[in-house]
Amino acid sequence: MTQDELKQAVAAAAFDYIQKYLDDDAVIGVGTGSTANLFIEELAKVKQKVNATVASSEETASRLKDHGIPVYDLNSVNEVTVYIDGADETNEYLQLIKGGGAALTREKIIAAVSKEFVCIADGSKWVDVLGDFPLPVEVIPMARSHVGRQIVKLGGDPVYREGVVTDNGNIILDVHNMSIVNPRELECQLNEVVGVVTNGLFARRPADILLLGKESGVETITAS
């Protein structure tokens, strides 16, 4: 199977997974990225059953609305029943690196308020140690140089993502050459740097379930 076919398989598996919520006035959180976009295509098949969604980016909100799926501001709902999103990397504890699409802050907010976080990914995203994929950090523009210096002190090589402005009006630094053996600790250290909005480590709030696309089929994994 190609990577695109694996992504389609996990998107379909996520669609099957959320069926149990559709008759219960559920609020479905929807992530950002190529795999999440395939999930949106699946969700559109039963849009008449979808009570409400919240979107992790303006792009996702636009896609949902184009399909006639109701989108609400997170402040207008009491809770998010289930959140479906992809990842750039995942380990066996379902700690993730996210933010390749520069939507990490809103993704992290939705994950924090969701009762259940379901990650969907193809097998190439599974790693023993996080950090091969550059770790995104969302930064207030005036603090870019300061944050970069602090990241160097932590052992990373920050690279400014040229031409990218987040939905929140900020910039992204991608941190290269870090082997992240303690994701929870690094997540906290980075968030304590003045000028950092948040970083793409989802370790303090990892996924609850991972739907991982493999050649043999979609595997359902819970955190070890």
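So, here is what we can say about the structure in this document. In this text, all values refer to a predicted model and were calculated from it rather than measured experimentally.

Conventions adopted
Residues numbered from 1 in each chain as written. Predicted model: local features only at pLDDT ≥ 70, side-chain atom pairs only at ≥ 80, totals over all residues. Heavy atoms only, no water. Core = buried A, V, L, I, M, F, W, Y, C linked by side-chain atoms within 4.5 Å. Buried < 20%, exposed > 50% of the residue type's maximum accessible area, 1.4 Å probe, protein only. Helix = DSSP H or I, 4+ residues; strand = E, 2+ residues; numbered from the N terminus. Contact = heavy atoms within 4.5 Å. Patch = residues over 30% accessible without salt bridge, like charges linked within 9 Å, V, L, I, M, F, W, Y side chains within 5 Å. Areas by Shrake-Rupley, 256 points an atom, 1.4 Å probe, with all protein chains shown as cover. Salt bridge = Lys/Arg side-chain N within 4 Å of Asp/Glu carboxyl O. Pairing = 2+ DSSP bridges. Axes fitted to C-alpha atoms, helices over the stretch in contact; angles between N-to-C directions. Parallel < 35°, antiparallel > 145°, perpendicular 65-115°, else oblique. Left-handed = near helix turned anticlockwise from the far one by under 90°. Nonpolar A, V, L, I, M, F, W, Y, C, P; charged D, E, K, R; others polar.

A few words on the nonpolar core. Membership of the largest hydrophobic core comes to 28 residues, with the highest contact counts inside it found for Ile18, Ile28, Phe39, Leu43 and Ile84. Going through the elements one at a time, α1 (3-17), β1 (27-30), α2 (34-43), α3 (58-66), β3 (80-85), β6 (114-122) and β12 (209-214) are the ones with two or more residues in this core. Here this core takes six residues from α1, the largest share from any one element. Non-local contacts of phenylalanine 39, meaning those with residues more than four positions away in its chain, are made with Ala11, Ala14, Phe15, Ile18, Ile28, Val30, Ile84 and Ile120.

We now examine a nonpolar patch on the surface. Together, Ile140, Met142 and Val197 make up a nonpolar patch on the protein surface, roughly 320 Å² of accessible area in all. Along the chain, isoleucine 140 falls in the loop between β7 (135-139) and α5 (144-153). Look at isoleucine 140 and you get partly exposed, because its relative accessible area is 39%.

This part is about the pattern of salt bridges. Two side chains that carry opposite charge are able to pair once their charged atoms sit near each other. One pass over the structure, following the stated rule, counts eleven salt bridges. Linking glutamate 107 and lysine 98 is a salt bridge whose minimum nitrogen-to-oxygen distance equals 3.4 Å. With a relative accessible area of 3%, glutamate 107 lands in the buried category. Lysine 98 sits in the buried class, given a relative accessible area of 2%. Two residues, glutamate 187 and lysine 108, come together in a salt bridge whose shortest N-O distance is 3.0 Å. Taken as a pair, glutamate 187 in helix α6 (residues 183-191) and lysine 108 in helix α4 (residues 104-113) lie far apart in primary sequence, 79 residues in all. Of the two residues examined, glutamate 187 and lysine 108, each falls in the buried class. Among the ionic contacts, a cluster of salt bridges with common partners joins Asp85, Lys98 and Glu107.

Let us now look at the pairing of strand β13 (residues 217-222). Of the pairings in the sheet, the one linking β12 to β13 comprises six bridges and is antiparallel in character. Residue leucine 210 lies in a different strand from β13, and its bridge partner there is isoleucine 221. Count of turn residues in the β12/β13 antiparallel hairpin: two residues.

Read across the open sheet, the four strands follow the order β8-β9-β7-β10; overall the sheet is antiparallel. Each edge of the open sheet carries a strand with a single partner, namely β8 (157-160) and β10 (196-199). Taken pair by pair, the neighbouring strands of this sheet meet at an average axis angle of 30 degrees, ignoring direction. With respect to the sheet, α5 is in contact with β7, β8, β9 (171-176) and β10, its orientation differing from that of β9 by roughly 15 degrees.

The N-to-C vectors of α1 and α2 enclose an angle of 50 degrees; their axes lie 8 Å apart at closest approach. Here α1 is positioned oblique relative to α2, judged by the angle of their axes. Like other packed secondary-structure pairs, α1 and α2 cross with a definite hand, here right-handed. Contacts between α1 and α2 pair Asp4, Lys7, Gln8, Val10, Ala11, Ala12, Ala14 and Phe15 from the former with Ser34, Thr35, Leu38, Phe39, Glu42 and Leu43 from the latter. In terms of residue class, the contact of α1 with α2 is built from eight nonpolar, three polar and three charged.

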